[in-house]
Amino acid sequence: MDGSIYRDIKREYDLKRQIAIDKSKKFKEELYNKYPVLSEIEDEINMLAIRTTKAILMSDELTKQIEKDNLSLKLQKLEKKYDNELKKIGLTRKDLEPKFECEKCNDTGVVSYNGNTKTCSCFSQAMINETYKQVNIYKLDEENFETFDIGFYSKVANKEKYGIDKSPMENIENIRNIALSFVENIDSATQKNLLFVGNTGLGKTFLANCIASEVIKSGKTVVYQTAPILMDKVIEYKFSYNKTGVEKEQYDKIFNVDLLIIDDLGTETMSNNKFTELFNIINTRLLKNKKMIISTNLTLKELYKEYDERVMSRLIGSFTICKFIGEDIRLKKKKMFG
Ligand SMILES: Nc1ncnc2c1ncn2[C@@H]1O[C@H](COP(=O)(O)OP(=O)(O)O)[C@@H](O)[C@H]1O
Ligand SMILES: [Mg+2]
Ligand SMILES: [Zn+2]
């Protein structure tokens, strides 16, 4: 693991955690100023806590028990009163808590697991994003299943143009369902990988992002890379003499990350070395049951021509082929929004 990247992200986490805490403190202060009754009840609750401690220190067992029961009843009542006051202004206790980005680790970056602490997946993903400079991953707020719009796809089938009976809209709905069940069954050995084929501007990268977003939300890690950059990195790594820790980490991640997205396959210039490496990546991941999404602008025919048969037979057998059809959404958007 690279120390400086780790430290940078840790610092970022500490900062965003502190900001969330400060914000909620400020919110509470303002709320208490506006509704002093809340602060009064809280004072009473705090007083009770002190009395409870005193009661526990009392020697006489019986008195101690009576006093304790009495106090806990009072405490319950006070808490109910507090909740009621909050309810009157449309709030719950949760609204007064800090809003952390990650609910699993409260932005500490670590979670307890069977009595051990381990790195939270959000932190691992942040490290991956940083080592890979995954610009694309930062678009996940915009490109996810909630913003997925089938309205960009025509309802009119055109067999001559697209070679299938379905309309682009029916086709994309079908592909979206395939994508959703891919997310659902990502760990299953019988779930196939996904191969997105189709012209540019038909939403292949968008859908890959939708899937990435869900997979990250479920606590898994994702590496997104375009084929040219990925293959260059791999070759560079293979043939460099002194490999740094980051480079090794980066290389290993290609094989170990839960989901690997290789975008725009076919746009890179292929060499024999790259062939071998690509085959190695796909093959290793297949053996480990680690899922992949590969997208390409090439047709299947072109893929067969362009790539080694070994790679292709592997691909076809273990990937569900999703053929994107329709008209360039980028152009449509331009027309709509100028
Ligand atoms: N389902 C969709 N809903 C809304 N916008 C989309 C959708 N699919 C694609 N887009 C938009 O259309 C444009 C092209 O999509 P993109 O995924 O880059 O296509 P491709 O990767 O096939 O070339 C992008 O601006 C993208 O945000
Ligand atoms: Mg694309
Ligand atoms: Zn987390």
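Just above, that's the structure.
On a predicted model such as this, the values are computed, not experimentally measured, just so you know. (Residues numbered from 1 in each chain as written. Chains lettered and ligands numbered in written order. Predicted model: local features only at pLDDT ≥ 70, side-chain atom pairs only at ≥ 80, totals over all residues. Heavy atoms only, no water.)

> Provide a residue-level description of the coordination of the zinc ion (ligand 3), including the pertinent values.
The zinc ion (ligand 3) binds to the protein through Cys 102 (SG), Cys 105 (SG), Cys 120 (SG) and Cys 122 (SG); the donor distances cover 2.3 Å. The sequence motif formed by the donor residues of the zinc ion (ligand 3) is C-x2-C-x14-C-x1-C. We classify Cys 102 as buried; its relative accessible area is 11%. Assessed through its relative accessible area of 4%, Cys 105 is described here as buried. (Donors = N, O, S within 2.8 Å, 3.2 Å for Na, K, Ca; no water. Buried < 20%, exposed > 50% of the residue type's maximum accessible area, 1.4 Å probe, protein only.)

> Account for the site of ligand 1, with residues named and values stated.
Among the 17 residues in the neighbourhood of ligand 1, the closest are listed as Gly 201, Lys 204, Thr 205, Phe 206 and Arg 330. Here an oxygen atom of ligand 1 sits 2.7 Å away from a polar atom, N or O, in the side chain of Thr 205. In this structure, an oxygen atom belonging to ligand 1 sits 2.7 Å away from a main-chain N or O atom of Phe 206. Coverage of ligand 1 by the protein chains reaches 89% of its 550 Å² of free accessible surface. More than half of the atoms belonging to ligand 1 lie within 2 Å of the grid points that define the second largest pocket. When contributions to the shell around ligand 1 are tallied by element, the ones reaching two or more residues are helix 7 (204–217) and helix 13 (329–337). For the shell around ligand 1, the per-class residue count stands at six nonpolar, six polar and five charged. (Near = heavy atom within 4 Å. Polar contact = N/O pair within 3.5 Å; in protein donor to acceptor, adjacent residues only side chain to side chain. Areas by Shrake-Rupley, 256 points an atom, 1.4 Å probe, with all protein chains shown as cover. 1 Å grid on protein atoms, 1.4 Å probe; cavity = no way out; pocket = protein on both sides within 12 Å on 5 of 7 lines; lining within 4 Å. Sits in = over half its atoms within 2 Å of the grid points. Helix = DSSP H or I, 4+ residues; strand = E, 2+ residues; numbered from the N terminus. Nonpolar A, V, L, I, M, F, W, Y, C, P; charged D, E, K, R; others polar.)

> Talk me through the layout of surface pockets; I want residue IDs and the actual numbers.
Taken as a whole, the largest pocket spans an internal volume of roughly 800 Å³. Lining the largest pocket are 25 residues; nearest its centre among them are Glu 101, Cys 122, Gln 125, Asn 129 and Ile 216. Of all the elements in the fold, those that place two or more residues in the lining of the largest pocket are helix 1 (3–34), helix 4 (121–132) and helix 7. The dominant element in the lining of the largest pocket, judged by the number of residues it contributes, is helix 4, at six residues. Of the residues belonging to the lining of the largest pocket, the class tally is 10 nonpolar, six polar and nine charged. The two domains that each donate at least three residues to the lining of the largest pocket are domain 1 (3–96) and domain 2 (120–337). What the second largest pocket holds in volume is close to 540 Å³. Around the second largest pocket, the lining comprises 23 residues; the ones closest to its centre are Glu 143, Gly 203, Thr 205, Phe 206 and Arg 330. (Points joined across faces, edges and corners; volume = space filled by probe spheres on them. Domains from an automatic or database assignment.)

> Go over the pattern of salt bridges with me, naming the residues and quoting the values.
One pass over the structure, following the stated rule, counts 16 salt bridges. Here Glu 42 makes a salt bridge to Lys 28, at a shortest N to O gap of 3.1 Å. Placement of the pair is Glu 42 in helix 2 (residues 36–57) and Lys 28 in helix 1, with a sequence separation of 14 residues. Judged by relative accessible area, Glu 42 falls into the partly exposed class, the value being 22%. Close ionic contact of Glu 67 with Arg 51 constitutes a salt bridge, the shortest N to O distance being 3.7 Å. Here the residue Glu 67 occupies a position in helix 3 (residues 61–88), and Arg 51 occupies one in helix 2, the gap between them amounting to 16 residues. (Salt bridge = Lys/Arg side-chain N within 4 Å of Asp/Glu carboxyl O.)

> Requested: an account of the packing of aromatic side chains, with residues and values cited.
With the rule as written, the count across this model stands at seven aromatic pairs. Through pairs of rings, three or more aromatic residues link up here, namely Tyr 6, Tyr 13 and Phe 123. Its guanidinium or amino end placed over the ring of Tyr 13, Lys 16 lies 4.1 Å from that ring's centre, counting from NZ or CZ. Positioned above the aromatic ring of Tyr 113 is the side chain of Lys 118, whose terminal nitrogen or guanidinium carbon lies 4.9 Å from the ring centre. (Phe/Tyr/Trp six-rings, centres within 6.5 Å; stacked < 30°, edge-to-face > 60°. Lys NZ or Arg CZ within 6 Å of the ring centre and 35° of its normal.)

> Break down the pairing of strand 5 (residues 259–265) for me, citing the residues and quoting the values.
Counting buried positions over the seven residues of strand 5 gives six, a clear majority of the element. In terms of strand pairing, strand 4 (residues 222–226) meets strand 5 through five bridges, oriented parallel. From the neighbouring strand, Val 222 faces strand 5, where its bridge partner is Leu 259. Pairing of strand 5 with strand 6 (residues 291–296) involves five bridges; the strand directions are parallel. Across the sheet, the residue bridging to Ile 261 is Ile 293, located in strand 6. A crossover links strand 5 with its parallel partner strand 6, the connecting element being helix 10 (residues 272–287), and its sense is right-handed. (Pairing = 2+ DSSP bridges. Right-handed = clockwise from strand over helix to strand, strands pointing away.)

> Can you explain unusual backbone geometry? Please cite residues and give values.
The phi angle at Asn 106 is positive, at roughly 50 degrees, despite the residue not being glycine. Considering the arrangement of structural elements, one finds Asn 106 in the loop between helix 3 and strand 1 (110–113). In this structure Asn 106 comes out as partly exposed when scored by relative accessible area, which is 35%.

> So what about helix 7? Which residues, and what values?
Under the 1.5 Å per step criterion, the end-to-end length of helix 7 is 20 Å for 14 residues, consistent within 8% with the ideal 20 Å. Along helix 7, the residues classified as buried are Lys 204, Leu 207, Ala 208, Asn 209, Cys 210, Ile 211, Ala 212, Ser 213 and Val 215. Close packing links the buried residues of helix 7 with helix 6 (168–184), strand 3 (193–197), strand 4, strand 5 and strand 6. Where helix 7 terminates, the next one or two residues include Gly 219, which has phi positive at roughly 90 degrees. (Expected span 1.5 Å × (residues − 1). Contact = heavy atoms within 4.5 Å.)

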